[in-house]
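# Analysis of the macromolecular model
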Number of protein chains: 2
Amino acid sequence: MSAVAEVTPAADGARAWEVVLRRIEGDLVAGILKPGDHLPAERALAAELGVGRSSVREAIRVLEVLGLISTRAGSGPQSGAVIIARPTGGMSALVRLQVAAQGFAVPDVVATRVVLESAVVTELSAGRPPLTEARELLDAMEQPGADGGPLARDEFLTLDQAFHLALAAASGNAVIASMMSGLRDSIEQYIRVGASVLPVWAATQERLAREHRAIVGAIDEGDAEGARTRIRNHIETYHAETNVSSIHDH
Amino acid sequence: MSAVAEVTPAADGARAWEVVLRRIEGDLVAGILKPGDHLPAERALAAELGVGRSSVREAIRVLEVLGLISTRAGSGPQSGAVIIARPTGGMSALVRLQVAAQGFAVPDVVATRVVLESAVVTELSAGRPPLTEARELLDAMEQPGADGGPLARDEFLTLDQAFHLALAAASGNAVIASMMSGLRDSIEQYIRVGASVLPVWAATQERLAREHRAIVGAIDEGDAEGARTRIRNHIETYHAETNVSSIHDH
DNA sequence: GATACCGTGTGGTCAGACCACATGGTCAGA
DNA sequence: TCTGACCATGTGGTCTGACCACACGGTATC
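This text gives an overview of the structure that appears in the document. (Residues numbered from 1 in each chain as written. Chains lettered and ligands numbered in written order. Predicted model: local features only at pLDDT ≥ 70, side-chain atom pairs only at ≥ 80, totals over all residues. Heavy atoms only, no water.)

On to the pattern of salt bridges. Throughout the structure, instances matching the rule amount to 48 salt bridges over all chains. The shortest N-O distance in the salt bridge between Glu225(A) and Arg228(A) comes to 2.8 Å. Within this pair, Glu225(A) and its partner Arg228(A) are both found in helix α11 (residues 224-242), separated by 3 residues, close to a single helical turn. Of the charged contacts, one joins Arg184(B) and Glu188(B) as a salt bridge, the two residues approaching to 3.0 Å between their closest N and O atoms. Residue classification places Arg184(B) among the buried positions, given a relative accessible area of 1%. Accessibility expressed as a relative area gives 12% for Glu188(B), which makes it buried. Shared partners join several salt bridges into a network, and the residues in it are Arg15(A), Glu18(A), Glu58(A), Glu42(B), Arg53(B), Arg57(B), Arg61(B) and Glu64(B). (Salt bridge = Lys/Arg side-chain N within 4 Å of Asp/Glu carboxyl O. Helix = DSSP H or I, 4+ residues; strand = E, 2+ residues; numbered from the N terminus. Buried < 20%, exposed > 50% of the residue type's maximum accessible area, 1.4 Å probe, protein only.)

Quick look at the structure:
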């Protein structure tokens, strides 16, 4: 009566897919698996760990959503699950779903963006890297669109996102870069909806481009305080204008 | 079954588990699902969406790891998958695995902690909330252990983590709180290993407690600058001491 | 009225079977 | 020899069906 034999699942308290996850994590920490390496085939992994293939697939799926691996069917060197370690997608999914589930409030997301981007421009003002990629994006944003007028809204927003990400990447901190990108991505669709109803989008777009230039200018001059103020106003004004305060109507 | 072309996996570019994920996300955004609500049973969801139960389970697993739902077997009101929206666990898993996969460098994790916690204490210095929970944790950290000496290392580190989380929670920003907690959790195990080899842990523990008091003191006085400096030194010194610069030896 | 029992529905897991796909070899033809 | 078509192979993607352990809730029993 005292010792009950738990035969089938979780003899050690862990579910089958957790066993797989821990195994892979252990191999990563131990250096057995590195970025670029291939995971064993699902069927082989299942046999080796003594679990079903479906459990292996649940672990694989988690790793894929978290941005650790990429899977491709077929045969040959390109197929299978390969370690990629791209945190951006996973961060986006996490924030986006938590916003949807009301675990994150949109104002908190915006406020956190301000904190992170302020830290980024502070860092950049001190180091003053060339910011080549960011400048190229700014140039592209000011190019006329196909109809001769300003760039289309969707293209502009895509470049805008890339610009902010380029700043974060230039700071050299991958954690901040992915978090920033995730925060932005997560409310991206709501931003596009908000922007689509703006009556004077062309003027807004022109203003945003001007603010971008001012931010880069402050960084170039080593004016950390000015860069912080500008990036804060840039982000907060933008979100206030597109009215993305909450995605839940009720 | 009789459904034609339903077996084709990516006819619309989306895999089956993505269909399930999007459906649930859509229900969340639409307000059909709220925190506390139960998801339909896996078998029912599979039948409704025309996918296999294994695909539903892959989506469920992702949502569980991301901290959106909690699953329990059995029957009755407590069973099934319920929306919880607790981002902390998901953030921890994401950061921890990305560190393991070398997508995140440990110094970047520490630097981001400094950025976020600096923002937290800045905010707290302006608002000056009572910080009741944080103070109680500090008291608990200074209680003697079972043997009359200082608190055990593991218990102290648990309280330390709770203290930092309490500060973040007091700032009212759930996004920052979960990110901070995730950053700390993700390297927690490496910290414990590093702390276990410290020759003078008792002295370190006493110093950490003193620094905690100083941080709270600066917040109480509305000294944002002092609080920032103290929290930065607190975190950076700690990690330098426990030598958690990299988890990959090679 | 309280207790023991058992049916029911849940998630957790596994085994087996297909499919679509990408590869790489083989083989027939130019 | 070169070129093209062809097919065997191994991969992930998916579905189906079947168990298990578990928690609940009703029912029968005391």
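So much for the structure itself; the text now carries on.
Turning our attention to the interface of chain B and chain A. Listed per partner, the contact involves 55 residues of chain B and 55 residues of chain A. Interface of chain B and chain A: buried area, both sides summed, is about 4,600 Å²; carbon and sulfur atoms make up 70% of it. The interface formed by chain B and chain A contains 8 salt bridges. Close ionic contact of Glu64(A) with Arg15(B) constitutes a salt bridge, the shortest N to O distance being 2.4 Å. The tally of links between chain B and chain A comes to 18 residue pairs in polar contact (both at pLDDT 80 or more). Looking at the side of chain B that touches chain A, the elements that each hand over two or more residues are α1 (16-29), α3 (53-65), α4 (87-100), α5 (106-127), α8 (174-186) and α9 (188-196) of chain B. Ranked by residue count, the leading element in the side of chain B that touches chain A is α4(B), at 9 residues. Class assignment of the residues belonging to the side of chain B that touches chain A gives a composition of 31 nonpolar, 14 polar and 10 charged. (Contact = heavy atoms within 4.5 Å. Buried area = accessible area lost by both parts, 1.4 Å probe. Polar contact = N/O pair within 3.5 Å; in protein donor to acceptor, adjacent residues only side chain to side chain. Nonpolar A, V, L, I, M, F, W, Y, C, P; charged D, E, K, R; others polar.)

Moving on: helix α3 (residues 53-65) of chain A. Residues and elements named next belong to chain A. For α3, with 13 residues, the first-to-last C-alpha span of 18 Å sits near the 18 Å given by 1.5 Å per residue. Counting buried positions along α3 yields 10 of 13 residues, so the element is predominantly enclosed. Within α3, burial applies to Ser55, Val56, Glu58, Ala59, Ile60, Arg61, Val62, Leu63, Glu64 and Val65. Just downstream of α3, Gly67 is the residue with a positive phi angle, here 85 degrees. (Expected span 1.5 Å × (residues − 1).)

It is worth spelling out the packing of helix α1 (residues 16-29) of chain A against helix α2 (residues 42-49) of chain A at this point. Residue and element names in this part refer to chain A. Between α1 and α2, whose axes approach to 11 Å, the crossing angle comes to 100 degrees. One element, α1, and the other, α2, form an angle in the roughly perpendicular class. Between α1, through Val20, Arg23 and Ile24, and α2, the contact on the second element is made entirely by Leu45, Glu48 and Leu49. Of the residues belonging to the contact of α1 with α2, the class tally is 4 nonpolar, no polar and 2 charged. (Axes fitted to C-alpha atoms, helices over the stretch in contact; angles between N-to-C directions. Parallel < 35°, antiparallel > 145°, perpendicular 65-115°, else oblique.)

Structurally, Ser92(B) is set in helix α4. Side chain to side chain, Ser92(B) and Asp185(B) meet in a polar contact 2.8 Å long.

From the geometry alone we can't say anything about function, so treat these as descriptive.
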